[in-house]
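Observations on the model geometry
Residue strings, one per chain:
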Amino acid sequence: MLLALLVVGGLWHRSDQQPGDITLALDPECDLRAGPCVSRSPDGGAVEFGIEPRQIPLLQPLSLRIRLQGLEAQAVGVEITGVNMDMGYNRLELERQDDGSYLGDGVLPVCTHRKMIWQALVVVVGDHGRIAAPFHFSTIRE
């Protein structure tokens with residue numbers, strides 16, 4: 001199991017863009033508070049990303065779910081970064097579920113900004129290379 005994690009981790013953690021890697025366009029209409037959003041690749045594949053609970057609270061457990069359509073994956077992860085303030089780099093590896101989706105848990109830190117904008121970059125690693133699908137969402141500090 002450890003060897004598999006190291007191999008998959010090595011595939012996923014490549015930080016340099018390689019031939020065949022694709023970054024999908026950000027959908028400005030995506031509202032993860034309303035439900036999962038879908039990002040489509042030019043070849044017909046799709047990455048669906050959702051967060052529960054939909055209020056996206058800070059300092060509380062979040063469930064991240066990804067569903068793939070027309071894409072095979074060796075590894076699926078999410079890299080969460082702050083857009084309007086550097087909040088460090090949070091990387092979560094998701095586990096494949098029996099229904100074919102990928103699931104992981106995370107927690108967002110509190111920021112000094114009342115409204116924080118985040119990017120969740122879903123990274124799908126497979127024989128096709130790496131596909132990265134960005135999704136933006138916001139949190140409000142109460």
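In what follows, the accompanying structure is described. Being a predicted model, the structure only gives us computed values, none of them experimental.

Counting across every chain of the model gives 1 disulfide. Between Cys30 and Cys37 runs a disulfide, and the two sulfur atoms are separated by 2.2 Å. Of note, the bridge from Cys30 to Cys37 carries an S-S torsion of about 95 degrees and is right-handed in sense. In terms of burial, Cys30 and Cys37 fall into one category: buried.

Take the environment of Cys37 next. Along the chain, Cys37 falls in strand β2 (residues 37-40). Taking C-alpha positions, Cys37 is 5.5 Å from Glu48, a pair spaced 11 residues apart along the chain. Those residues within four positions of Cys37 in sequence are excluded, and the remaining contacts are Cys30, Asp31, Leu32, Val47, Glu48, Phe49 and Phe135.

A separate point is a nonpolar patch on the surface. There is a patch of nonpolar side chains on the surface, built from Leu59, Val107 and Val110 and spanning about 270 Å² of accessible area. For Val107, the position within the fold is in the loop between β7 (102-106) and β8 (115-126).

Quick look at the pattern of salt bridges now. When their charged atoms lie close together, side chains carrying opposite charge are able to pair. Evaluated as defined, the whole model comprises 6 salt bridges. Here Glu52 ties to Arg54 by a salt bridge, and the two come within 3.5 Å at their closest N and O atoms. With a relative accessible area of 42%, Glu52 lands in the partly exposed category. Among the charged side chains, a network of salt bridges with common partners joins Glu48, Arg65, Arg67 and Asp99.

Counting residues in hydrophobic clusters, the biggest one holds 31 residues, and the most contacted among them are Leu32, Val47, Phe49, Ile66, Val78, Val122 and Phe135. Elements with a contribution of two residues or more to this core: β3 (46-52), β4 (62-69), β5 (75-82), β8 and β9 (129-140). The element contributing the most residues to this core is β8, with 5 residues. Once you skip the residues sitting within four places of it in the chain, Val122 turns out to touch Val47, Phe49, Ile66, Gly77, Val78, Ile131, Ala132, Ala133 and Phe135. Core analysis: the next-biggest nonpolar cluster, separate from the first, contains 5 residues, Ala75, Leu121, Val125 and Ala132 among them.

What counts, and at which threshold
- Residues numbered from 1 in each chain as written.
- Predicted model: local features only at pLDDT ≥ 70, side-chain atom pairs only at ≥ 80, totals over all residues.
- Heavy atoms only, no water.
- Disulfide = S-S within 2.5 Å.
- Buried < 20%, exposed > 50% of the residue type's maximum accessible area, 1.4 Å probe, protein only.
- Helix = DSSP H or I, 4+ residues; strand = E, 2+ residues; numbered from the N terminus.
- Contact = heavy atoms within 4.5 Å.
- Patch = residues over 30% accessible without salt bridge, like charges linked within 9 Å, V, L, I, M, F, W, Y side chains within 5 Å.
- Areas by Shrake-Rupley, 256 points an atom, 1.4 Å probe, with all protein chains shown as cover.
- Salt bridge = Lys/Arg side-chain N within 4 Å of Asp/Glu carboxyl O.
- Core = buried A, V, L, I, M, F, W, Y, C linked by side-chain atoms within 4.5 Å.

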